[in-house]
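Inside the fold
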Amino acid sequence: MFKFVALLLCCWASLSAGRLTTSGTNFYYNGQKVFLSGVNIAWNSYGYDFGNGQYAANSKATLESWLTRIDANGGNSVRMWVHVDGKNTPAFDGNGYVTGPDSTGTMISDLRSFLDFAQSKQLLVVLVLWNGAKRPTDNTLNLLYDESKLQTYIDNALKPMVDALGNHPALAAWEIMNEPEGLLQNNVYNGNPCYDTTPLKDTGAGFAYTDVPMQNILKFINWQADAVKQRNSACLVTIGSWSEHAQTDTKAQSRNYYTDSCLEGAGGKAAGKLDFYQMHTYDFNGQWNPDAPFKVSASSYGLNKPLVIGEFASVCSQNSDIGNMFQYVYDNGYQGAWSWHYLEQGDCTDSQEAQNIGMTRIKDQTANGAVTFPL
């Protein structure tokens, strides 16, 4: 009898555990329509927040203080970077093959500690694996070219992380890469429109100067997204595109390279698709692109999945008010807003005070999805 009751309690706990889901162009948490409002942390120590003992030694206290502050100002989600450029994690051997999430075995416990504290503050976390906005290490770059090396990352690092953390109530999604278009070989014609980057001519794509073919980038995403889904089909997957130019077929100088068919066509993995889209947007020379998210509604992009504005800042927004920016995203069909970024360093970075004002502006709203909801 005791075993039977214990089994029932275990099953009830599993069924009652919350998680973020999608339906159509909306997000839901435990069946309630929600809007993701928050910030990019996105790191305390670039690439060195997790793994190899770095979390407890350098970042835990700072990151927990930030999570506490974000919660106090009405945020419900954060975007947090993990490997970044590959200098600290994952663990590579001398030939560039991945042997584990990190070298000393603290990566998973570090991430779990971060997620546990986020849950205690009612915050969802998007874990961003890689960064394409700057040139990564050669070992990391080789994962985009060598399938056998990519497979060792999937088998020895990604799958163990998903197995250990995939059901955590605070885990919103796995983001395969931030701004993969930075690595892109731009303005190269290909008969397959999924790999043809001529639509991106003069848009700024390729700003990391690594000239990786689009097909390689799509395969890189497809294989990792598929691995996440194979280990835990309920996990959500996304990427953070540097602008609208790479995620829509309805605007000038644009193409949606991350459709289900483009991703599966490049990598051959049927489950390796995105669950929601994410665009980043900043003004240029003090002006918005006419097709930028803060100039149009989400529906104008013609997408069939939720769309989050994953990076923006009032200091690079054609003199927009931060509170009005959060309100605009909430009111115009988007499903999330994450300001850049809580570290307060670099160009186009809002202060923590400004970001707190933005989150507070919409924290009690429900008309287009609840902003405040329990985990």
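Residues numbered from 1 in each chain as written. Predicted model: local features only at pLDDT ≥ 70, side-chain atom pairs only at ≥ 80, totals over all residues. Heavy atoms only, no water.

1. With respect to the state of the cysteines
Under the counting rule described, the total for this entry stands at two disulfides. The side chain of Cys-194 participates in a disulfide bridge whose partner is Cys-262; the two sulfur atoms lie 2.0 Å from each other. Between Cys-194 and Cys-262 the sulfur-sulfur dihedral comes to about -80 degrees; the bridge is accordingly left-handed. Here Cys-194, found in the loop between β9 (171-178) and α6 (214-231), pairs with Cys-262, found in helix α7 (residues 260-267); they are 68 residues apart in sequence, far enough to count as distant. Owing to a relative accessible area of 13%, Cys-194 belongs among the buried residues under this scheme. On the basis of relative accessibility, which here comes to 6%, the residue Cys-262 falls in the buried class. The disulfide that involves Cys-316 links it to Cys-348, with 2.0 Å between the sulfurs. Across the S-S bond linking Cys-316 and Cys-348, the dihedral sits near -90 degrees, which makes this disulfide left-handed. One end of the pair, Cys-316, is in the loop between β12 (307-311) and α8 (322-331); the other, Cys-348, is in the loop between β13 (336-339) and α9 (352-362), with 32 residues separating them in the sequence. Sequence-ordered numbering of the disulfide-bonded cysteines in the chain gives the connectivity 1-2, 3-4. (Disulfide = S-S within 2.5 Å. Helix = DSSP H or I, 4+ residues; strand = E, 2+ residues; numbered from the N terminus. Buried < 20%, exposed > 50% of the residue type's maximum accessible area, 1.4 Å probe, protein only.)

2. Observations concerning the pairing of strand β4 (residues 36-42)
The buried fraction of β4 is high, at seven of seven residues. Bridge count between β4 and β13: four bridges; the pairing is parallel. Each bridged residue has a counterpart across the sheet, and for Gly-38 the counterpart in β13 is Trp-338. In this sheet, strand β5 (residues 77-84) lies alongside β4 in parallel orientation, the contact comprising four bridges. Paired with Gly-38 across the strands is Ser-77, a residue of β5. One crossover worth recording links β4 to the parallel β5 by way of helix α2 (residues 54-72), and it is right-handed. (Pairing = 2+ DSSP bridges. Right-handed = clockwise from strand over helix to strand, strands pointing away.)

3. With respect to the pattern of salt bridges
Taken as a whole, this structure holds twelve salt bridges when the rule is applied. A salt bridge links Lys-363 to Asp-364; the nearest nitrogen and oxygen atoms lie 3.3 Å apart. Through salt bridges with shared partners, a single network forms among Arg-79, Glu-175 and Glu-311. (Salt bridge = Lys/Arg side-chain N within 4 Å of Asp/Glu carboxyl O.)

4. Re the layout of surface pockets
In this structure, the largest pocket encloses a volume near 890 Å³. Forming the boundary of the largest pocket are 33 residues, of which Glu-179, Phe-207, Trp-242, Tyr-282 and Cys-348 lie nearest the centre. Across the lining of the largest pocket, the residue classes tally to twelve nonpolar, 14 polar and seven charged. (1 Å grid on protein atoms, 1.4 Å probe; cavity = no way out; pocket = protein on both sides within 12 Å on 5 of 7 lines; lining within 4 Å. Points joined across faces, edges and corners; volume = space filled by probe spheres on them. Nonpolar A, V, L, I, M, F, W, Y, C, P; charged D, E, K, R; others polar.)

5. A look at unusual backbone geometry
Backbone torsion omega between Thr-89 and Pro-90 reads -5 degrees, so that peptide bond is classified as cis. Examined against the element boundaries, Pro-90 turns out to sit in the loop between β5 and β6 (91-92). Here Gln-122, not a glycine, exhibits a phi torsion of approximately 60 degrees, which is positive. Tracing the backbone through its elements, the reader meets Gln-122 in the loop between α3 (107-120) and β8 (124-131). Given the relative accessible area of 29%, Gln-122 is considered partly exposed. You will see that Gln-318, though not glycine, has its phi angle at about 55 degrees, which is positive. You can see Gln-318 is positioned in the loop between β12 and α8.

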